[in-house]
Structures are given as C-alpha cells and as structure tokens.
Amino acid sequence: MNTKMHARYGTDGHRMDVDVNAFSLSWAPRSVIMHYDVSIKPDFNGPGGKDINVGGEKGTEILQRLQVNIRPELFPKPGAFDGKKNLYAFRPFKFTSERFEVPWDKEHTPGRKMKTVTIQIVLVRRVDISLLRKVLSGNEQGNPSAIGPGTDVASSLNMLQAFLQAAPKMAKGNLHKGKSVYVQWSKGYQQTSDQKRIDERMRPLRLVDGFFQSARMTMGSLIVNIDLSVGVVLQEMQLEALCAAFLKCSNFRHLNQLCSASGGEFDKLRHFLRDVKVSIHIPGKASKSKGRRAIRNLIRDVGAHSFDRNGVPTTIRDYFLSTHGVRIPPQSIGVVIGNHEIFPISVCVVPEQLYKSKLLPDHVREVLSFVPKNPRERLQRIKAGWQNLEYDNSEFLKGADIAVRPEALTISGRILPSPQIMYGGTHGPYKLTLGKPGTWDVMRKTFWAPAKISFVLIFNLTGRRHGEEMKAFMSFLFKTLSERGIAVPKTSLILDDNGADPKSLIRREAEKHNAKPNGLLVLALLPENAAELYANVKRVGDIQLGVPTQCIRWSSKLIQNVKSNRVDQYLNNLALKINARCGGVNHVPSSIAMNYLAEMPTMVIGADVTHPSPGSTAPSFASLVSSRDPQCSIYSAQMKIQPFRREIIESVDDMMTKAIKIFRMNSDDTKYPHFKLRRIFFFRDGVSEGEFETVRELELNALKRLLEKFYGRDRPRITFIVVGKRHHFRFFPKSGGTADASGNCPSGFVVDRGIEHPVYSDFYLQSQPGLKGTSIPAHYTVIEDENLGGNGDRLQSLAYALCHTYQRSTRSVKLPAPVYYADLVCQRAKFHFQPRFSNQLDGFSDAATDDTPESLTQDFRNLHQNLDMTMHFM
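All figures in this text were calculated on a predicted structure; none of them were measured in a lab.

Turning our eyes to something else, we now look at the packing of aromatic side chains. Summed over the entire model, instances satisfying the criterion amount to 33 aromatic pairs. Arranged with centres 6.4 Å apart and planes meeting at 50 degrees, the rings of Y36 and F95 form a pair that is tilted. In this pair, Y36 is assigned in strand 2 (residues 32-42) and F95 in the loop between strand 4 (86-89) and strand 5 (97-103), connecting sequence segments 59 residues apart. A relative accessible area of 1% places Y36 in the buried class. Taking relative accessible area as the criterion, F95 reaches 8% and is therefore assigned buried. Between F93 and F95 the ring centres are 5.8 Å apart and the planes differ by 35 degrees, which places this aromatic pair in the tilted class. For the pair F93 and F95, a shared accessibility class is recorded, and that class is buried.

Next comes the structure, spelled out in structure tokens:
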C-alpha cells in the first residue's frame, strides 16, 4: 500500500463492528459487455402537433416487448435499458445496427388506428469491464479521470445498475423512480396495525415501502447498497373522488360548494393537484387520450369558461353537452392540461402513480411515523423486502452471470474521542468533559462570550392584550440571560400591536427610546400560526432595518408551561439563539483539532446551493458562511441568487472576496503580517459524485485564482471537502452493548474502510447522538487537501470537532456547524423578497400568477450591511 493510500485511513478511537446495508456483488470472469445506443421516436404527434418525449418507464416497457415478444430471435438474452438511451447486454445481439417498428400500446383496440414507434438500436462499443478490477485494487486512487463520464468504468457501472433494476422495474404492480422501486405489498413483510392506521390518516395518499439499490465500487470489491425509501402513492381513482377525499367532502356537490367559496380550500386543492397526471375518459366514448398528462392548474366553474369554436364563442358546458352528451353541473371544478386544454374533473381519471409534490405538514408527520423506529427494524425490513428485488429470479442477472449475496456486510469502524466543551466563568474558562458522547447541557454555566445588548424592544403581536403570563415569561427570560452572563441594562415595556407595519413600529419605538441599531434586540411574540407575520418581521429586521429579531411563538402550550414554571429548557434554548444572534459565543469545543485551527489564522467555510420545490418557478440560491475568529465559532453569511437548478456556485468569487475582507476587518494583515490568512477549510454541501470534478474546476480552481490575486504565490492553503447527506449507507450495531439508547452507533462513530471509494479519499462520520429512527452518517469526500496531506485521523477529528461548534444546540450535530449554517441561510431566502412572492418561494407556484423568474430575480435584496458581521441566521 502506497504512503498516500495509507494516510487516508485513521487509527484513532476504539474499534466497533457494525452491519451495513451493503451486499457483495460478483460477476462472471468474462470481461466484455455490449453497449448499444437506443432511440425511440413515436410515429405520431401529441396534442397541438408537439413531439412526444418517451419516458423511461414507457421506453422500458416497449423495449421489453420488442426483445421478448416481437423479435426474440434477434436477442439471445434480453438487454437491460437504463431508461435513457443505453441498452446493455452480456451476449451480443444478432445485429450491429437495426431499425424496428413497434406498436405503442401493449394491446390494440379494434377499430382504432394502430400507433407505432420507430426504434433504432446501434452497437456503440464493446466495454472491457476487467478495467473495474484495476480501479477496485486502488491503482487509480487520486485519478478521477479513470472513472469519469464516457469511460469504460462508468459504462460498466451503468450496465450493472441497469441489470440490477431491470426485473423489479418490470414486476407487475411496482412503481419506480430513479434507483428506487416501490412495492404495494412487500413480499415477506406483514403490514403492522400502526401502518394500517397510517393508511387511514394519509388518505387519499398511501405510503409504501421503497427499495433503493445502487451498484457501487469500494476498495477491493463491488457492492450493492440497498436501503428503504418511502413512496407516496396516488391510487387509481376518478379525479372527482380524489378531490373529495382530499378535502374530506361527503359528496361532489359539497366539493363544488367548498371550492367556489372564498376560503383557502380551492388554493389548497390546486397546490395538491399540481403535476398530478390524469387520463381523459369521456363516458360512452373511445378514449382519445390513453396517455398520462400533468395538471398545470385548477379553475373554478369550468362550465362557464368560453372558447372560440370555429369562430363562434362557446362555453365548455355547451360544448361537452352537444359533443359528448356530458352535463357539467354549475360551480364544477376544471383542470388545465398542457398550455390551454381544459376539462371538467368529472371526465378525468387518476392512474396509479407516485405523488411528487410537496406534502402537507400532517402528511410529513405520518411519513415519519411510517419509517422504521430503530436501526434493527430498518435492517429487518430491508431483508424482508429482498424478494421484491428479484435477484434470484432475474433473467437479466442470470444471463449476465451476476450474483448478489443476501447477507449484509459486516465492517469495522472506530468511535472517536469526544472534544471537551468550554464555557466562560468569573474565574476563567470552564472545561466540561462529556459523560455521554455528543450531549451536554448549559444549565448553571456562563456563555463563553456573552453578547453585549444595550436595549431590548418587546412587541406583543398576538392580536390580544398582554397579560400576567407574558410579563412573567419576560421576567424569566431576562433572568435566564443574566444567569448565562448576558447583562440587559434597558428594556421597553411590552407594547401591544397588530403587526401590520413592523418596520414603522420598530423604527418609531427605537427613536422613542433613543436605541441605536448596534446593541439593539427586538423580541416579537407571535400567534401560534403566523408564518406570514414571522416572515414580515424577519424581512424588516434582516433586510430593511438591520437589527437582530427574535420571534417567540406564544402558544397555548407555552402559556401553560409559564403558569406551571416549566420553561427552563425553552428559555435556555432561546438564550442560545439570542446570544449567538447578537454577537456572542455560547461554547467552544476543546481538542487537538481545535487547537490546530487556532494556532495560525484560519478560515472555515460552509457553502450550499438549494433548489426550489417541484413545480416552482423560483430561482436557486447559493449561500456561503465564513469564520472570522480563532475558535472558528463566529460566522458571517452571504446569499446570492443562482440560475434555476444550477448546482455550481456562480458567485463564488464575489462571496469569497467579501469573506476575505470581513476576515481582514478583524485582523489588519497589512500592519501585522502574522494575522495574514494562512489556511482555508472549505466544506461544500449538496454535491453529487458526478459533479465532483466540475466543482473542482469551477469552484476550487476559481478560489485558488482569487487567492493568488489577493496574496500572490504565498496564498492560503486550501482543504476542500464535499459533505454529503443524501447517500443511503446506514450502520447497524452488532450487539446492544455497543449501541446508544436509541439503538444507533454512538456519536463519533467513523468508517473509512469496507465501503470506502477506490479513487476519492472519503469517510463516513456519525457525529450526532441517536434520537428516533436510524441515524444518517455524513459522507466526507476530500477533493483536495493542501493543509493536512490527506491524513485521515486529522481530517476526521477536525470534522467531528466542528460538529460540536453549532451554537443553537447543546448536542453534536450531524454536519460541521458551517455546513448547517449555510443551509439555515438558504432557508431564509424568502425574507429577501416582497411578500407577494411567497407562494413561488414556498414551492406553490401556479399558472395563476403573472410573476416570472426574472421579476423574482430583480426583486431580490441583500442582507442589511449592519448584519454583515453577525450570525443573524440563528
């Protein structure tokens, strides 16, 4: 093993063996597979003469019919289609290039013209998969070009993935999306009574088990990563029945009345149905549209809408009655399909499909109840669902001589030592040694650096006059702040207001009390459900006036807890946020890794890109937070608009330029050279493996060029790490004695052997203590390391220590704090826009709005400069 390869593996901590949801994959010694290019072109047009795009599911079905039923003599063994344009086979077909005409429908309806598609299949190349063995041996470590797009290695992995997924995708009753297959009745697994109750509460939706499967390379072997996912399914039914069930209407007349009223039920239904696919079935008529088409919008009183029919204005009600003999009752709901086609919901049928839109909060809670309660239950459900993956019966796997072992792999990891936690005190720093890894409390402790608050404005925006409970709560809060070391010399009385104009309110009261923005804190007590008011207060504080705001939801539960004096935990959590938001530091971890960060000027960065919800016209957003203190605990934040669904941070130069300038404000390196920035640790969130090299070229290399402009050849050294949380590896302790109380691995559990990448240096760190369900480890991939030379122990201990710097918690979190902060900043995007854009930014964009992505972009406002040096996002 070469020195560089050896350096990536850590040795710190004590060993712990776990099961992992990975299964060994083997294939035949033969080393060549056939890669064919496929094009599928319908010989007919869609509505309005538009070309039809054949989706992966339909394409798979057509190709399977061609290979098995129509021309089996040309296909010795069926090839596996990847749903895009690639067909893979271990046995060559009886041709190198051939064109076929195949019926569109499985069964032909007598009396109707047969629709066909033209399929062109061409042999692209023979792929030598023995190259995989070279990669798996570690000989290509540090050489990502060996596995990039277009290489034989990439084609081999795509082929393995296609063969694994082929049989379960084609099984009757299964639905699929991406690398997951969703089963209606999990073979070998009995539905529990809890799951039956969830079915009742989810209606008209239904939750089903999904099985994610991915072929992956590791050092020395190929594995299949299999995990549970949750499918949200709409079962086949009339659209009218679906609408009534969703709004809990007793009959269709009640449904029409409810949606014609001025309440929010119609908008709620419109958001629910966005992008749901329907087929049109007119009673007594042969269906003209067997295809599934997505709902774009909902309209009231569809029958009253008119259109131009051969130059004569006609209502939809008259058209359907005269043409189809279908009566449309008054106030009936209609759907818009495509750009302009309108149908009453009474002629629409919802085929069975996966529901892909944003779920309501009540449904999200049911999803959380549906997932396994602990790691062992999760692994049991994966094993119980093994039959659904059809590995033993798949003709594709048999034909390719591929075998997947049914036993989960056992691998070894290590539990890293926990850092100590430091608080302040009158007699110097107080070091806390953690009795339980990843958890501590703030009771009877003084913050490391209490914030300096000069004045507090208190506004009651609940719509009711404040009472004794609110006064008592404020008294408790200021007492807690004092106990944590924060002195609050002056406060206003509680001012009752309706919150209609928070900007004028804050400005007027600040002037009245001669309170300057520097050192001012606004406390706003809000009603239980006040999302719009909350956003308005934050918009005024963050963007318009530049003052820290802390909102408090004045709920009935909180009032009861105030009456019974059970608010200590709530008040201490509030104090954590207030102190960090106003410039203080709650705690700092103490360890060899943190001492390393503090020994010379170092900046730690977290960066993220978030994208809008499905159906939204909103842009994407990029955020960057950068540390500016020796303990790497105080961060400044920036956010920029990105082009729609663009993953690469386009404004990395601008944001890093500002980060460096802010860092220099704390340390004038022109006068004092020893304050010059020497090291940067850049943690990048949200990047998939296929984008690693693009990020290297467009972000990391751009950062190097920028630093050379600032510092010349003696620029700061960079360590650039991608942190992923959307992977599917989970760890299952082998015995109860090694698990924590939740059944998960303890905080600090790290794995860098057994499932490690053979090209990139990477590791998995489960830094958070377990709560409910199965903990998700963070996946760290080192793109470049100029600071630590790829030393596994030092990188792992540094990442773990940074998971203890999160200022809103007294627990170690699952990602380094700056990565969490970058995500928090992106979540505040809607505060940077006018309130009228809220629907688009919340993912509720619809055809009823006149706003465009361009108007959204033009309306964006930057953070107020007063807050540039604060952690306003806490």
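Okay, the packing of helix 19 (residues 652-666) against helix 20 (residues 692-711) next. It is at 10 Å that the axes of helix 19 and helix 20 come closest, and there the two elements cross at 45 degrees. Taken together, the axis directions place helix 19 and helix 20 in an arrangement best described as oblique. Taken as a pair, helix 19 and helix 20 cross one another with a handedness that is right-handed. Taking contact as the criterion, the partners of V652, D653, M656, T657, I660 and R664 in helix 19 are, on helix 20, L698, A702, L703, L706, L707, F710 and Y711. Taken together, the residues of the contact of helix 19 with helix 20 sort by class into 10 nonpolar, one polar and two charged.

Strand order across the open sheet formed by three strands is 22-21-27, with antiparallel pairing between neighbours. The two strands at the open ends of the sheet, each matched to only one other strand, are strand 22 (430-432) and strand 27 (588-590). Within the sheet, the average angular offset between the axes of one strand and its neighbour, ignoring direction, is 35 degrees. Relative to strand 22, strand 21 (residues 420-423) runs antiparallel, the two being bridged by three bridges. For I421, the partnering residue across the bridge sits in strand 22 and is L432.

A sheet is described by the order of its strands in space; here four strands give the open sequence 24-23-25-26, paired in parallel fashion. Of all strands in the sheet, those with a lone pairing partner are strand 24 (491-496) and strand 26 (549-553), marking the two edges. Taken pair by pair, the neighbouring strands of this sheet meet at an average axis angle of 15 degrees, ignoring direction. Across five bridges, the pairing between strand 25 (residues 520-526) and strand 26 is parallel. Its bridge partner lying in strand 26, V522 is registered against T549. Sheet contacts for helix 13 (residues 468-483): strand 23 (455-460), strand 24, strand 25 and strand 26; angle to strand 25, the most-contacted strand, approximately 140 degrees. Strand contacts of helix 14 (residues 502-512): strand 23, strand 24 and strand 25, with the helix running at about 135 degrees to strand 23, the strand carrying the most contacts.

The rules behind these values
- Think of each chain on its own: its residues are numbered from 1, step by step along the sequence as written.
- For this predicted model, a pLDDT threshold of at least 70 governs which residues receive local features, and a threshold of 80 or more governs which side-chain atom pairs are given and counted, while totals over whole chains, interfaces and linings are taken from all residues.
- For the side-chain quantities, the full set of heavy atoms in the structure was used; hydrogens and water were omitted.
- Two aromatic rings from Phe, Tyr or Trp, using only the six-membered ring of Trp, form a pair when their centres are within 6.5 Å; if the ring planes differ by under 30 degrees the pair is stacked, by over 60 it is edge-to-face, and anything between is tilted.
- Secondary structure elements are taken from DSSP: a helix is a run of H or I of four residues or more, a strand is a run of E of two residues or more, and numbering for both begins at the N terminus.
- Using a 1.4 Å probe on the protein chains alone, a residue whose accessible area is under 20% of its type maximum counts as buried, one over 50% counts as exposed, and one in between counts as partly exposed.
- Note on geometry: axes are C-alpha line fits, over the in-contact stretch for helices, and angles between N-to-C directions span 0 to 180 degrees.
- Note on terminology: angles under 35 degrees are roughly parallel, angles over 145 are roughly antiparallel, angles of 65 to 115 are roughly perpendicular, and the others are oblique.
- Should the near helix be turned counterclockwise from the far one by less than a right angle, the crossing is left-handed, whereas a clockwise turn marks it as right-handed.
- Any two residues whose heavy atoms approach within 4.5 Å are treated as being in contact.
- Under this grouping Gly is polar, as are all residues other than the nonpolar Ala, Val, Leu, Ile, Met, Phe, Trp, Tyr, Cys and Pro and the charged Asp, Glu, Lys and Arg.
- Two strands are said to pair when DSSP picks up at least two bridges between them.

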